[in-house]
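# Coordinate inspection notes
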Amino acid sequence: MDLKDKQTTKNKHFSYSLDFAISGLKVAFKEERNLRFHICSLIAVCLLGVILKLSLNEWLWILLSAVLVIVAELANTALENTVDMVTNYHFHPLGKKVKDIGAGMVLVQALFALIVGCFIFVPKLYHLFF
Ligand SMILES: Nc1ncnc2c1ncn2[C@@H]1O[C@H](COP(=O)(O)OP(=O)(O)OP(=O)(O)O)[C@@H](O)[C@H]1O
């Protein structure tokens, strides 16, 4: 961690904000197995989308669902880290509540993505095989 990483004041330039945002994404990707899983799933879905020649509307629904899941996972990661920082890894009923609600948020988004994926891919796969 260099001196810049110990900054606690507001960013003075947009480039600093961008720099910290990118480093946040890198840390989340490195530390969160679920985030890596969601990104791998997105790549697989995109490949399938190319093979099945999705329309522009279908691509937009798929991308919206994927972005919602990834944003939820990032927000959940931030919540988990905040709970760990505040509780110092000790059990606290409110810490449990926050983490469980955060996990619920990701689940809701993931179910939405699954439903969208089923609406788009199931009929296309059905026509392909039957
Ligand atoms: N400080 C704490 N106090 C109370 N309960 C906690 C605390 N930390 C974790 N827990 C409980 O343990 C569960 C798992 O915590 P963890 O931090 O591993 O989250 P997770 O949901 O497994 O994260 P991930 O999204 O990485 O799978 C939480 O959902 C919560 O019920």
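The name an unreviewed UniProt entry assigns to the chain is Diacylglycerol kinase, from the organism Enterococcus columbae DSM 7374 = ATCC 51263. We quote the UniProt Sequence similarities (unreviewed entry) comment for the chain here in full: "Belongs to the bacterial diacylglycerol kinase family." Per UniProt, the chain carries the Subcellular location (unreviewed entry) text "Cell membrane".

### Some points on the site of the ligand
Within the structure, the ligand sits among Glu32, Asn34, Glu73, Asn76, Glu80, Thr87, His90, Phe91, His92, Lys96, Lys99 and Asp100. One nitrogen or oxygen atom from the side chain of glutamate 80 is found 2.7 Å from an oxygen atom belonging to the ligand. Interatomic distance of 2.6 Å between a side-chain N/O atom of lysine 99 and an oxygen atom of the ligand. Across the complex, the protein chains shield 64% of the 620 Å² of accessible surface that the ligand would expose by itself. In terms of residue count, the dominant contributor to the shell around the ligand is helix H3 (residues 56–87) (four residues). Classifying every residue of the shell around the ligand gives one nonpolar, five polar and six charged.

### Quick look at the nonpolar core
Core analysis: the biggest nonpolar cluster contains six residues, these being Leu52, Leu54, Ile62, Val116, Ile120 and Phe121. Ranked by residue count, the leading element in this core is helix H4 (residues 93–129), at three residues. If near-sequence neighbours (up to four positions away) are discounted, isoleucine 120 is found in contact with Leu54, Glu58, Trp61 and Ile62.

### Quick word on the UniProt feature "binding site: a divalent metal cation" (unreviewed entry) in the chain
Using the residue numbers shown here, the UniProt feature "binding site: a divalent metal cation" (unreviewed entry) corresponds to Glu32 and Glu80. These annotated residues cover 49 residues of sequence, but their C-alpha atoms sit close together, with the largest distance between any two at 10.8 Å. As for its position among the elements, glutamate 32 is in the loop between helix H1 (14–31) and helix H2 (33–51). For glutamate 32, a relative accessible area of 15% corresponds to the buried category. Discounting chain neighbours no more than four positions away, the residues touching glutamate 32 are Glu73, Thr77 and Glu80. Tracing the chain through its elements places glutamate 80 in helix H3. You can call glutamate 80 partly exposed: its relative accessible area is 23%. Once you skip the residues sitting within four places of it in the chain, glutamate 80 turns out to touch Glu32 and Lys99.

Reading the values: rules and limits
- Residues numbered from 1 in each chain as written.
- Predicted model: local features only at pLDDT ≥ 70, side-chain atom pairs only at ≥ 80, totals over all residues.
- Heavy atoms only, no water.
- UniProt positions renumbered as here; feature names shortened; annotations may be inferred.
- Near = heavy atom within 4 Å.
- Polar contact = N/O pair within 3.5 Å; in protein donor to acceptor, adjacent residues only side chain to side chain.
- Areas by Shrake-Rupley, 256 points an atom, 1.4 Å probe, with all protein chains shown as cover.
- Helix = DSSP H or I, 4+ residues; strand = E, 2+ residues; numbered from the N terminus.
- Nonpolar A, V, L, I, M, F, W, Y, C, P; charged D, E, K, R; others polar.
- Core = buried A, V, L, I, M, F, W, Y, C linked by side-chain atoms within 4.5 Å.
- Buried < 20%, exposed > 50% of the residue type's maximum accessible area, 1.4 Å probe, protein only.
- Contact = heavy atoms within 4.5 Å.

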